Amino acid sequence: MQATLSEQEVIRREKLAELKAMGIDPYPAPLYNITHTAQQIKQGYSEETKDEYKEISIAGRIMSRRDMGKANFAVLQDETGTIQIYIKRDEICPGEDKSLFDTVWKRLLDLGDIIGIKGYGFITKTGETSVHVQSFTVMSKALRPLPSVKEKDGEVFNEVTDLEFKYRQRYADLIVNPGVRDTFTRITKMKNAIRSFLNERGGLEVDTPVLQSIPGGALARPFITHHNALDIPLYLRIANELYLKRLIVGGFPWVYEFSRNFRNEGMDRTHNPEFTILEFYVAYKDYLWMMETTEQMLEETAIATNGVSTSVIDGVEIDFKAPYKRISIYDAIKEHTGFDISNMDEAGLREVCKSLNIQVDGTMGKGKLVDEIFGGKCEKHYVQPTFIIDYPVEMSPLTKKHREKEGLVERFELIINGKEIANAYSELNDPIDQRERFEEQLKNMERGDDEAMFIDNDFLRALEYGMPPTAGIGIGIERLAMLLTGNVSIQDVLFFPQMRPENVA
RNA sequence: GGUUCUGUAGCUCAGCUGGUAGAGCAAAUGACUCUUAAUCAUUGGGUCCAGGGUUCGAAUCCCUGCGGAACCA
C-alpha cells in the first residue's frame, strides 16, 4: 500500500531514475575507502600538517548546500560531526562536458543524500577547515526529504520538536537534531564505565532467561506469552534476581547482568514497559559493603560519562561524589511527616495514611502502607543521592532480617532527584525463612494484590543447597541515564520508546 | 482510568468574534568561482488527523473516534 507521494518525493524519484539513466548506480555495492572522519580533519588539519591531508576521502550525508554558481559549498555529516566541503565546476569537469557538476552534483543530488568524496584539506578565507573536492561518489540517494534544521553559533533553527516525530522516527531525529546522538553515546559510555568497574573487581557478566515460567524477583505484573511446542504459558521476565542468586549458589562469587525487564503496567515519563536494570550479586558481602561499592561506582560512572561528578537536570545540580547520606526509612518518615511509625501495626498505619491524606485500599498490607507513606510524603525531598535504609520486613520478601533491629530487613534504596534509582539488600539465604516469606506473599495475592510474588520452588531448592551470605543490587539504567544526561523523560534515553502502533503508509 | 492541552505544506509555525488557507526553511527554474541560518528573482506544493453535527457557509463552534503531551489517580 503506497500513499500518495508528496511533490518532493516524486521529484526525488525522478532524480533517482535520471541518475540510473546516466549510468550512475545510486546504491553502489563496492566498499568505499574512507581515510578520515570530519572530526579528525577539523582537529588535525593545520598549516604544519597540511601535507598529511593531500589525499583524503570522507563519506557522509549532505546536510546543507550553498550554491555560488560555478563553485559550491556543502556540509557533510558523518558519525563524528560535520565538515564543510568545497567543489568547483571546472575542477570536477575539466573538459567540455560539464554534466557531472551541473546535472549530477547541482541538480540530482539533494540534502540527505549520502556521498563519498576524495580531495584535500584546506582552510577557507573565513577560516573554516574544509575539504576541497576532487571527485565524488553517490553512495545512497535519499527519497524522503529530511526536516530542514539549521544551526548557527550553537543556536538551532527549525529544530524538530514534535515528540511523536522524534520517538517514532528516531533515525531522522538522530540525523537532524544535534545533541540526540550525544545523549545516546554518553549512555553507552555510562554502561561501559559500569562494566569496567565491575570487571576490574572480578564481576562476571552473564545472561539468564528472559522467558521464565515463574516471573519472580520483583513485585510487578508480567507480560504473558505461550510456548507452542511445550504448550505452557511463559512470562517475560520482570527481574532476573532469582537466576543470578542461583549462580551465586553455583559458586560464582560475583555475577552481573544488564537485564532487559518487561512490566505490563502504565507508561509515563519514568516508565516504559521494557527497560533495563543492572543487577549484581556478590558473595560474602552485606548491604553496608554494597552502599560503599555503589557510591564509588556511581562517582566513577558520572565522571566517565560527563567528565565531572556532577550533572544538571531540570535546573538542579546533582553531585554523585561519594559518600552519600544514609537515613533509615522510619527516620525519614518521622522527619517529613512527624509520625513515628516504627512500632505501629497495620491499623495504626492506616490511621496515619488517613491523616496524611494518602489513599489506601483493603488489599494493602503493612509493607505497602509504609511504601505509600514514604513514596507520597518523603521521597521527593531527597534530591542529592541518599541511601534510605532498614525497611520493614513486610515489603521485602527476598531480604535478610536485620542483624539488630527486630521487624526490619537489611535493605537500602538509593534516591536521587526524588526518585528511586537502586534497590539493594543483604540477600536472604535462609531457605526456611524464604519459604515463609513466599507464603506471606501468597496471602497478599489471595487478598487481591496482583503484584505479589509467586512461590518459586526451584529457587528454594537452590537455596537449600546453601547460598553464601550475599549482597545484591538492582540499578535502574534508564533512570541513571536520565540523571546523567539531563533528560526528564525516559523516552529521551531510549532509542525506540514504546508507542501506540501507527499506520505507516 | 480522570482532567487539561494538542494535531494546518517535507519541517517549524501563523491563521481574530465562522466567509473553503499563509510565512520562513526545504523543493523547482534562473543568476552568482570563498559561502556558512549564503544571497537575489520567479514558481509549484495542502484529505487543515478522521467521521458526524450546527450553519447559507466550518481549519475555526459542538460531539465521537484516532494519535501525541502534561498533570492527577
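Residues numbered from 1 in each chain as written. Chains lettered and ligands numbered in written order. Predicted model: local features only at pLDDT ≥ 70, side-chain atom pairs only at ≥ 80, totals over all residues. Heavy atoms only, no water.

A word on the pairing of strand E20 (residues 470-476)
And then number 1: With seven of seven residues buried, E20 lies mostly within the body of the structure.
And then number 2: Neither face of E20 is open: one carries Thr 470, Gly 472, Gly 474 and Gly 476, the other Ala 471, Ile 473 and Ile 475, and all of them are buried.
And then number 3: In terms of strand pairing, strand E13 (residues 274-283) meets E20 through seven bridges, oriented antiparallel. Bridge pairing in E20 links Val 282 to Ala 471.
And then number 4: Both strand E19 (residues 419-426) and E20 contribute to a ladder of five bridges, which runs antiparallel. Pairing of Ser 426 across the sheet is with Ala 471, part of E20. (Buried < 20%, exposed > 50% of the residue type's maximum accessible area, 1.4 Å probe, protein only. Helix = DSSP H or I, 4+ residues; strand = E, 2+ residues; numbered from the N terminus. Pairing = 2+ DSSP bridges.)

So, the side chain of Ser 57
And then number 1: Note that Ser 57 resides in strand E1 (residues 56-67).
And then number 2: Not counting residues within four places of it along the chain, the set of residues in contact with Ser 57 comprises Tyr 32, Asn 33, Ile 34, Thr 35, His 36, Ile 117 and Lys 118. (Contact = heavy atoms within 4.5 Å.)

Quick notes on the sheet that holds strand E10 (residues 224-227)
And then number 1: Pairing is antiparallel in the open sheet, where three strands are placed in the order E9-E11-E10. In this open sheet, the two strands that pair with only one neighbour each are strand E9 (211-212) and E10.

Concerning the confidence of the model for chain A
And then number 1: Averaged over all residues, the pLDDT of chain A equals 93, while 99% of them reach at least 70.
And then number 2: If you check the scores for this complex, the pTM reads 0.92 and the ipTM reads 0.91. (pLDDT = per-residue confidence, 0-100.)

Things to note about a nonpolar patch on the surface
And then number 1: Residues Tyr 171, Phe 495 and Phe 496 make up a contiguous nonpolar surface patch of about 370 Å² in total accessible area.
And then number 2: You can see Phe 495 is positioned in the segment after helix H15 (477-485). (Patch = residues over 30% accessible without salt bridge, like charges linked within 9 Å, V, L, I, M, F, W, Y side chains within 5 Å. Areas by Shrake-Rupley, 256 points an atom, 1.4 Å probe, with all protein chains shown as cover. Salt bridge = Lys/Arg side-chain N within 4 Å of Asp/Glu carboxyl O.)

Thoughts on the pairing of strand E18 (residues 408-416)
And then number 1: Of all the nine residues making up E18, nine are buried; the element is thus mostly covered by neighbouring parts of the structure.
And then number 2: The two faces of E18 match: Leu 408, Glu 410, Phe 412, Leu 414 and Ile 416 on one face and Val 409, Arg 411, Glu 413 and Ile 415 on the other face are all buried.
And then number 3: Bridge count between strand E17 (residues 386-392) and E18: six bridges; the pairing is antiparallel. Bridging across to E18, Ile 389 finds its partner in Phe 412.
And then number 4: Linking two consecutive strands that pair antiparallel, namely E18 and E19, is a turn of two residues; a positive phi of about 50° is found at Asn 417 within it.

Structural notes on the packing of helix H8 (residues 241-249) against helix H14 (residues 457-464)
And then number 1: Across the interface, H8 lies against H14 with an axial gap of 9 Å and an inter-helix angle of 25°. The pairing of H8 with H14 is recorded here as roughly parallel in orientation. Judged by the sense of rotation from one axis to the other, the crossing of H8 with H14 is left-handed. Mapping the contact onto sequence places Leu 242, Lys 245, Arg 246 and Val 249 in H8 and Asp 458, Phe 459 and Ala 462 in H14.
And then number 2: Here the contact of H8 with H14 is composed, by residue class, of four nonpolar, no polar and three charged. (Axes fitted to C-alpha atoms, helices over the stretch in contact; angles between N-to-C directions. Parallel < 35°, antiparallel > 145°, perpendicular 65-115°, else oblique. Left-handed = near helix turned anticlockwise from the far one by under 90°. Nonpolar A, V, L, I, M, F, W, Y, C, P; charged D, E, K, R; others polar.)

Regarding the nonpolar core
And then number 1: Among the nonpolar cores identified, the biggest contains 43 residues, and Ile 194, Leu 198, Leu 278, Phe 280, Phe 320 and Phe 412 are the most heavily contacted of them.
And then number 2: Take this core: its biggest share by element is seven residues, from helix H7 (residues 180-200).
And then number 3: Look past the residues within four positions of Phe 412 in its chain and what remains in contact with it is Tyr 287, Met 290, Met 291, Thr 294, Phe 387, Ile 388, Ile 389, Tyr 391, Ala 422, Asn 423, Ala 424 and Ile 473.
And then number 4: Core analysis: the second largest hydrophobic core is formed by 30 residues, Ile 56, Leu 76, Cys 93 and Val 133 among them. (Core = buried A, V, L, I, M, F, W, Y, C linked by side-chain atoms within 4.5 Å.)

Here's the deal with the protein's contact with RNA strand B
And then number 1: Close contacts around RNA strand B come from 44 residues, with Glu 7, Asp 67, Thr 126, Glu 164 and Arg 500 the closest.
And then number 2: A share of 61% of the atoms of RNA strand B within 4 Å of the protein falls on sugar and phosphate groups.
And then number 3: Here Lys 125 contributes a backbone N or O atom positioned 2.8 Å from a base oxygen of RNA strand B.
And then number 4: Secondary-structure elements contributing two or more residues to the surface near RNA strand B are helix H1 (7-21), E1, strand E2 (71-78), strand E3 (81-88), strand E6 (150-152) and helix H5 (163-168).
And then number 5: The biggest single contributor to the surface near RNA strand B is H1, with four residues.
And then number 6: Split into classes, the residues belonging to the surface near RNA strand B amount to 13 nonpolar, eleven polar and 20 charged. (Near = heavy atom within 4 Å. Polar contact = N/O pair within 3.5 Å; in protein donor to acceptor, adjacent residues only side chain to side chain.)

Quick word on the environment of Leu 288
And then number 1: Topologically, Leu 288 is positioned in helix H9 (residues 287-306).
And then number 2: The spatial distance from the C-alpha of Leu 288 to the C-alpha of Glu 410 is 8.7 Å, given a sequence separation of 122 residues.
And then number 3: Residues within four places of Leu 288 in sequence aside, it is in contact with Arg 326 and Arg 403.

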